[in-house]
Structures are given as C-alpha cells and as structure tokens.
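These are the residues of each chain, in order.
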Amino acid sequence: MAELDQIDTKILRELQGNADIANADLAAKIGLSPSACLRRVAKLRDTGVIRKTVAVIDPAQIGRPLGAVINLEFHRHGNQYRQDFIRKARALDAVRQCYVVTGEVTGVMVLQMRDIAEYTALCEALFDTDDNIVWYRTYIVTEVLKNEPGVAI
C-alpha cells in the first residue's frame, strides 16, 4: 500500500472527478507548482496508485444499452477451473467486471450488451458449455441509480 499524504489525496480526488484536467489547472487547484504536480502524478502512476486513465462512456449512446448482473456458482473451485473461466470471461467485450467472491455465490459479473441476442450468445459461450458452472442467475438492469467509477478517497 502506497503512503499518501494530503496533497496526493487532493490530486487523486481531482483526477477522479476529471482525469482530463490540464496539469497547470490541477496544480493551481492543489496549490503546487506545475512541475511539482507533474512529478507527484508521475509517482502515483509509477507506484500503481493510478492504474490507468480512461474515458467514462454512456453505453446507451454507443448501442450497448442492456446491462446485466450475473451471479454464478462453480461446481469445482480448483485454480485450473477458475483460470479457465477467467480466461473466457476476459475475452468477452460485454463482460465489464468479473469477481470471485465469498458467500452464497462463487462469482459476480457485470455485463453491458447490445441486446438479448448478445446476452444469449454470451450465456452459451460462458455457462452452457462449461460443466463447472452449477447455475447462474441473471438480473437485467432496469435503472441505474449510481454508477461512479473510482474509489472513495
């Protein structure tokens, strides 16, 4: 875990709100010189605190309005079985998040798709042909109440 001071925390808050901000503007908001701000952001990147910078896109605006959350259960929990599933899940563009979790289910997936036909094809590719999947349950997203990328700082 990286050691963060108050300035690093301020930088992270600002960048989570707008990663497209110019360094000079970020420096002014934080109260640093542009060169000091640039060095700090570079250090946050180099140490892995900032993993990557992305654009947050509205899925409906690009023809992927169908969201779903899927819970699933593995029959066997060995590393090889998990790795096979992870490899397949990572290869599918519709799978936006995928977690192995504790509790009543083995995994939770978040998907963003074009339509039900893509959902059906995904289920066939991931679940129906995998004898290690005991069951899966799909919850279609009807309304997004909160979807904030990033973490609380």
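> Tell me about the pattern of salt bridges, and please be specific about residues and values.
The final tally for this structure, using the stated rule, is eight salt bridges. The partner of Asp8 in a salt bridge is Arg40, and the shortest N-O contact between them spans 2.9 Å. A residue pair is termed long-range when its members are at least 10 positions apart, and Asp8 in helix H1 (residues 6–17) and Arg40 in helix H3 (residues 34–46) qualify at 32 residues. The class of Asp8 is buried, set by a relative accessible area of 9%. Where Asp131 meets Arg76, a salt bridge forms, and the shortest distance between an N and an O atom there is 3.6 Å. Taken together, the residues Asp131 in the loop between helix H5 (116–128) and strand E4 (133–140) and Arg76 in the loop between strand E1 (66–74) and helix H4 (79–91) connect sequence positions 55 residues apart. You can call Arg76 partly exposed: its relative accessible area is 26%. Overlapping salt bridges bring together Asp5, Asp8 and Arg40 as one network.

> Break down the sheet that holds strand E3 (residues 107–113) for me, citing the residues and quoting the values.
Pairing within the open sheet is antiparallel, and its four strands lie in the order E2-E3-E1-E4. Of all strands in the sheet, those with a lone pairing partner are strand E2 (95–100) and E4, marking the two edges. Strand-to-strand twist of the sheet, defined as the mean angle between neighbouring strand axes without regard to direction, takes the value 15°. Sheet analysis places E1 next to E3, joined by seven bridges and oriented antiparallel. Its bridge partner lying in E3, Leu72 is registered against Gly107. Here H4 sits on the sheet and contacts E1, E2, E3 and E4; the angle it forms with E2, its principal contact strand, is near 165°. Seen against the sheet, H5 touches E1, E2, E3 and E4 and runs at an angle of roughly 160° to E4.

> Give a detailed account of H4, specifying residues and quantitative values.
Here H4 contains 13 residues, and its C-alpha end-to-end distance of 18 Å stays within 8% of the 18 Å for a straight helix at 1.5 Å per residue. When we look at burial in H4, the residues that qualify are Phe85, Ile86 and Ala89. The buried residues of H4 occupy an angular sector of 105° when the element is viewed end-on, so they sit on one face. Away from its buried face by more than 90 degrees, H4 exposes Gln80, Arg87 and Ala91.

> Explain the state of the cysteines residue by residue, including any values.
Under the counting rule described, the total for this entry stands at zero disulfides. Among the cysteines around Cys123, which has no disulfide bond, Cys98 carries the closest sulfur, lying 13 Å off. The class of Cys123 is buried, set by a relative accessible area of 3%.

About the thresholds
- Along every chain, residues carry numbers that run from 1 in the direction the sequence is written.
- Reporting in this predicted model follows two pLDDT cut-offs: at least 70 for local features of residues, and 80 or more for side-chain atom pairs to be given and counted; totals over whole chains, interfaces and linings ignore these cut-offs and use all residues.
- To get the side-chain values, take all heavy atoms of the structure and skip hydrogens and water.
- Salt bridges, as used here, are contacts in which a Lys or Arg side-chain nitrogen is within 4 Å of a carboxyl oxygen on Asp or Glu.
- The helix count covers DSSP runs of H or I at least four residues long, the strand count covers runs of E at least two residues long, and both are numbered beginning at the N terminus.
- The rule is simple: take the accessible area with a 1.4 Å probe, protein chains only, and divide by the maximum for that residue type; under 20% is buried, over 50% is exposed, in between is partly exposed.
- Strands are treated as partners if at least two bridges between them are detected by DSSP.
- Between N-to-C directions, angles span 0 to 180 degrees; the directions come from axes that are lines fitted to C-alpha atoms, helices contributing only their stretch in contact.
- Between two residues, a contact is recorded if the distance between any of their heavy atoms is within 4.5 Å.
- Each residue after the first adds 1.5 Å to the expected span of a helix.
- Regarding the arc, it is the one traced by the directions from the helix axis to the C-beta atoms.
- The definition used for a disulfide is geometric: two cysteine sulfur atoms within 2.5 Å.

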